[in-house]
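Each chain, letter by letter, is given below.
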Amino acid sequence: MRPFDEDALSAASGFSLAEREAVYHAIMTRRDVRSEFLPDPLPDDVVQRLLTAAHHAPSVGFMQPWNFILVKSATVRARVRDAFARANEEAALMFEGERRQAYRSLKLEGIVEAPLGICVTCDPTRSGSVVLGRTHNPRMDSYSTVCAIQNLWLAARAEGVGIGWVSIFHEGELKSILGIPQHIEVVAWLCAGFVDRLYDEPELSVKGWRQRLPLEELVFHDGWGLNTPEVVFFGTDKGEVTIRDIKMQQNFARSMSLADAMNPDNLLCYEMNGATLPAPNGFPLRLITLGWYGIANVKWLKGIEVRDTRFMSLLMGRDYVTIREEEHKGETVRAETSVGRALLKSAPAKVTRNDSGHRVVGAAWGAPIDRVELKIDQGPWMPAVIDHSEEAEYAWKIWSLDWPNPSPGEHTVTSRAISTAGQIQPAMDDPLIAKSTHTGKAMAR
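Residues numbered from 1 in each chain as written. Predicted model: local features only at pLDDT ≥ 70, side-chain atom pairs only at ≥ 80, totals over all residues. Heavy atoms only, no water.

Regarding the overall build of the protein
Selection criterion: Helix numbers and strand numbers start at the N terminus; a helix is a DSSP run of H or I with at least 4 residues, a strand a run of E with at least 2. Here the term buried applies to any residue with accessible area under 20% of the maximum for its type, exposed to any over 50%, and partly exposed to those in between, with areas from a 1.4 Å probe on protein chains only. We call two residues in contact whenever any of their non-hydrogen atoms come within 4.5 Å of each other. In these tables, accessible area is a Shrake-Rupley quantity obtained with a 1.4 Å probe, and a residue counts as shielded only by the protein chains included in the view. In this tally Asp and Glu are treated as negative and Lys and Arg as positive; neither His nor the chain ends contributes. The atom standing in for a charge is NZ when the residue is Lys, CZ when it is Arg, CG when it is Asp and CD when it is Glu.
Helix and strand counts for the protein come out as nine helices and 21 strands. Along the first, second and third principal axes, the C-alpha atoms of the protein reach 75 × 60 × 50 Å. For the protein, with 445 residues in total, the buried portion stands at 37%. Of the contacts formed within the protein by residues at least 6 apart in sequence, a portion of 67% connects residues at least 24 apart. With an accessible surface of roughly 26200 Å², the protein has 55% of that area assigned to carbon and sulfur atoms. Charge centroids of the protein, computed over 49 positive and 57 negative side chains, lie 4 Å from each other.

Considering the sheet that holds strand β19 (residues 397-404)
Note the threshold: A strand pair is defined by DSSP finding two or more bridges across the two strands.
Strand order in this open sheet of four strands is β14-β15-β19-β18, and the pairing throughout is antiparallel. Lying at the two open borders of the sheet, with one neighbouring strand each, are β14 (345-354) and β18 (385-386). In this sheet, strand β15 (residues 357-365) lies alongside β14 in antiparallel orientation, the contact comprising nine bridges. What sits directly across from Lys345, in β15, is Trp365.

Some words on helix α5 (residues 140-159)
Inclusion rule: One fewer than the residue count of a helix, multiplied by 1.5 Å, yields its expected span.
Counted at 1.5 Å a residue, the expected span for α5 with its 20 residues is 28 Å, and the 29 Å between its end C-alpha atoms agrees. Inspection of α5 places Asp141, Ser142, Ser144, Thr145, Ala148, Ile149, Leu152, Trp153, Ala155 and Ala156 among the buried residues, and these make up the whole buried set. The inward-facing, buried residues of α5 contact α2 (44-55), β1 (66-71), β2 (116-122), β3 (161-166) and β4 (185-194). Backbone geometry just after α5 places Gly160 at a positive phi near 75°.

What to know about a nonpolar patch on the surface
For clarity, the cut-off: Patches draw on residues past 30% relative accessible area with no salt bridge. Two like charges within 9 Å are joined, as are two nonpolar side chains (Val, Leu, Ile, Met, Phe, Trp, Tyr) within 5 Å. A carboxyl oxygen of Asp or Glu within 4 Å of a side-chain nitrogen of Lys or Arg is what we treat as a salt bridge.
A cluster of nonpolar side chains, namely Phe15, Val23, Tyr24, Ile27 and Met28, defines an oily patch on the protein surface of about 520 Å² accessible area. Mapping Phe15 onto the fold places it in the segment before α1 (17-29).

A look at α2
Applicable threshold: It is the directions from the helix axis to the C-beta atoms that the arc portrays.
The end-to-end C-alpha distance of α2 is 16 Å, a good match for the 16 Å that twelve residues give at a rise of 1.5 Å each. Every buried residue of α2 is listed here: Val46, Val47, Leu50, Leu51 and Ala54. Looking down the long axis of α2, one finds its buried residues gathered within 135° of arc, a one-sided arrangement. Of the surrounding elements, those touching the buried residues of α2 are β1, β2, α5 and β3.

Observations regarding the nonpolar core
As a reminder, the rule being used: Take the buried residues of types Ala, Val, Leu, Ile, Met, Phe, Trp, Tyr and Cys, join any two whose side-chain atoms come within 4.5 Å, and each joined set is a nonpolar core.
In terms of nonpolar packing, the biggest core is built from 25 residues, with Val80, Ile111, Val166, Phe169, Leu174, Trp189 and Cys191 touching the most fellow members. Where this core is concerned, the elements lending two or more residues are α3 (74-92), α6 (171-178) and β4. In contact with Leu174, not counting residues within four places along its chain, are Val80, Cys119, Phe169, Ile180, Val186 and Trp189. With 24 residues, the next largest nonpolar core counts Val46, Trp66, Ile149 and Ile163 among its residues.

Observations concerning the sheet that holds strand β11 (residues 301-307)
We count it as follows: Axes here refer to lines fitted to C-alpha atoms; in helices the fit is confined to the stretch in contact. Angles between the N-to-C directions go from 0 to 180 degrees.
On the basis of which strands lie adjacent, the open sheet formed by three strands has the order β6-β5-β11 and antiparallel pairing. Since the sheet does not close on itself, it has two edges, and those belong to β6 (246-257) and β11, each with one partner. Strand-to-strand twist of the sheet, defined as the mean angle between neighbouring strand axes without regard to direction, takes the value 45°.

Right under this line is the structure:
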């Protein structure tokens, strides 16, 4: 240890607006790249800047446990890609049904397309057996290495370099290919190369695999699940409910996080079309929460309360919940979630006869809609025609598809919506929707 030098401290302040915006721009537009790599090699000075950024990451006990193996050899990268392919096939078999098909449709690596591979490792012995800060959590060295990867990733975004993290390997195979000692942990294989295009949203979100969770659902205050500020909207309408054999009167009420309640898109409506709001529509006041399911649009509003504890009522904790199937350790369980924001959806509503045969008509909603596709039975996806007479952001989009000369009998009509951001409506077995219906039956005669 050396003596403390007070002169080692310097003034600290926030960044300028331009600097701050640049940092957040890198964070918000960072992507996991698989297919967009350009073949041009990365200049040595760019690679050096990326590694320098990684090397300035925080680490437990300042142990700096990372190493970086730079792999340019096409032969070595081909062997790594083959190791990935073997593990990836094993991974595909862990999913079932349409989820397995969806998994196999995803490109999850760019090992040979990217001009540079970077294998990032962690050496748990670098600072000896007892490391400051690792005494009670032995994984802190690995977490430190992940911080280095994130530093590199953000610096790469600023340089116009795409990074793709490949994790589907048997670690032993990667160690064998690269001659890595047994006690060293392989943390990541990074594909690196220049890119000229990136997805506006994470690729797995765009392709419908999984969507970003609302931040407010992940933030607790002063304890797990405790004291999250909520805003409760109470309606005048009420009814009798029975809880644990006790009958009581309960007003209709819905709650949402403070952040959601303060969304400027929300409306408190007291007029409709220039006239006083009619009673059936919610007089004297109605809450309209655009982008949410209609159950959140409280009619006959009588009061608004801000609470620092979770609000529970029949309509928040028992009825009006979504039931989703999820896989946990090979077992299917059903999870209940209070109805909230609308998901990207479409549904066939009716089939009518016309001069050319039949026409399927339906609606799509839940996000700005780019297009809707339909398939009949197991046929190919076909583009539907969207009625563009109503272009408001939250308006439902009515679509149709002419269906000439269907064969007699029962048919299955399936629709899927694609948002302007490229997000695809989840398939029937996606955990986000758990058997939610966007399939209908049609009888042709």
